[in-house]
Amino acid sequence: MKLYLNKTSPYARLVMVVAHEKALTETIECVWTDPWASPAELLAVNPYAKVPALVTDDGQPIVESACICDYLDETGSGRRLFPRELPQRLPALRKYGLGRALIDVAFGVTIERRFAAPDHKPALAERWLAAVNRALDVLEHDGTLSRSHEAPDLGDLAIAVGLSYAEFRLPEVRWRASAPRLAQWLDRMALRPSMRLSAPE
Ligand SMILES: N[C@@H](CCC(=O)N[C@@H](CS)C(=O)NCC(=O)O)C(=O)O
């Protein structure tokens, strides 16, 4: 398989975390790509010029991190990260939604700031920053997270990627003091090889 990715994309990181958890990294050729330069090789795989994008061994392109994670969960070995059946699927689904949306708003703030014209009031960035703060509060009070670092599902992994991306790109949020349980959980999650080996340098 070929995976188009870059070092700082939280979406690409989530895919790499899943690849590690499913023991698939040896089968993946990483193609380090700057999506913003819209290189022809990426466009041939993903018309949206985004990373991550995957090409399977039989040449099928898969775009969108959620779809790529699903494919890797299906084809890799070990525990299922996104359980198929209820009732186990429900908490995973709930956390996956929260984690993916955290990635979306934290990435949205970063990108709006990066591309905003100098005289532009970053109204969406402010809105999304407020959403990040509300989400941190919800996650701090989510009792189901406490032991999940031992056998995380896809929802836990998405939340961990979202939190560490927010910490990396939005250091002004300083959430650790107001969400100490969540901070402790993230520190435990960060010890997993999948998180360590996919961390941006
Ligand atoms: N919904 C997509 C988002 C992917 C995405 O926005 N990737 C960013 C890098 S973090 C990108 O390639 N942006 C280039 C662009 O939007 O033109 C996914 O889940 O894969």
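Everything numeric here is computed off the predicted structure, so don't read it as measured data. (Residues numbered from 1 in each chain as written. Predicted model: local features only at pLDDT ≥ 70, side-chain atom pairs only at ≥ 80, totals over all residues. Heavy atoms only, no water.)

A. Representation of the domain arrangement of the protein. When the domains of the protein are assigned, the result is domain 1 (2–75) and domain 2 (89–196). A separation of 21 Å is found between the C-alpha centroids of domain 1 and domain 2. Facing 13 residues of domain 1, the contacting portion of domain 2 comprises 19 residues. For the pair domain 1 and domain 2, the two sides together bury roughly 1500 Å², of which 66% comes from carbon and sulfur. Inspection of the region where domain 1 meets domain 2 yields 1 salt bridge. Note that Arg 192 and Glu 21 form a salt bridge whose closest N and O atoms lie 2.8 Å from each other. Taken together, the links from domain 1 to domain 2 amount to 6 residue pairs in polar contact (both at pLDDT 80 or more). At the level of elements, helix H1 (10–21) and helix H3 (65–75) are the ones that each hand at least two residues to the side of domain 1 that touches domain 2. Tallying contributions element by element places H1 first for the side of domain 1 that touches domain 2, with 8 residues. Among the residues making up the side of domain 1 that touches domain 2, the classes are represented as 8 nonpolar, 3 polar and 2 charged. (Domains from an automatic or database assignment. Contact = heavy atoms within 4.5 Å. Buried area = accessible area lost by both parts, 1.4 Å probe. Salt bridge = Lys/Arg side-chain N within 4 Å of Asp/Glu carboxyl O. Polar contact = N/O pair within 3.5 Å; in protein donor to acceptor, adjacent residues only side chain to side chain. Helix = DSSP H or I, 4+ residues; strand = E, 2+ residues; numbered from the N terminus. Nonpolar A, V, L, I, M, F, W, Y, C, P; charged D, E, K, R; others polar.)

B. A look at the packing of H1 against helix H6 (residues 154–169). Running from amino to carboxyl end, H1 crosses H6 at an angle of 140°, the nearest separation of the two axes being 10 Å. Between H1 and H6, the angle falls in the class oblique. Like other packed secondary-structure pairs, H1 and H6 cross with a definite hand, here right-handed. Across the interface between the two elements, Pro 10, Arg 13, Leu 14, Val 17, Val 18 and Glu 21 of H1 pack against Leu 154, Leu 157, Ala 158, Val 161, Ser 164 and Tyr 165 of H6. When its residues are assigned to classes, the contact of H1 with H6 shows 9 nonpolar, 1 polar and 2 charged. (Axes fitted to C-alpha atoms, helices over the stretch in contact; angles between N-to-C directions. Parallel < 35°, antiparallel > 145°, perpendicular 65-115°, else oblique. Left-handed = near helix turned anticlockwise from the far one by under 90°.)

C. Looking closely at the packing of H1 against helix H4 (residues 89–115). In contact at an axis separation of 10 Å, H1 and H4 are set at 145° when each is read in the N-to-C sense. Contacts from Pro 10, Tyr 11 and Leu 14 of H1 reach H4 at Tyr 96, Arg 100, Ile 103, Asp 104 and Phe 107. Classifying every residue of the contact of H1 with H4 gives 6 nonpolar, no polar and 2 charged.

D. Broad picture of the sheet that holds strand S1 (residues 2–5). With mixed pairing, the 4 strands of this open sheet are ordered in space as S2-S1-S3-S4. Lying at the two open borders of the sheet, with one neighbouring strand each, are strand S2 (29–32) and strand S4 (61–63). Strand-to-strand twist in this sheet, taken as the mean axis angle between neighbours without regard to direction, amounts to 20°. With 3 bridges joining them, S1 and strand S3 (residues 53–55) adopt antiparallel strand pairing. Its bridge partner being in S3, Lys 2 is matched across the sheet by Val 55. Here H3 sits on the sheet in contact with S3 and S4, set at roughly 125° to S4. (Pairing = 2+ DSSP bridges.)

E. View of the side chain of Lys 22. The residue Lys 22 is located in the loop between H1 and S2 in this model. Setting aside anything within four residues of it in sequence, one finds Lys 22 in contact with Leu 72, Asp 73, Gly 76, Ser 77, Gly 78, Arg 79, Arg 80 and Leu 81.

F. Representation of the pairing of S2 within the structure. Sheet analysis places S1 next to S2, joined by 4 bridges and oriented parallel. Note that in S2 the partner of Leu 3 across the bridge is Cys 30.

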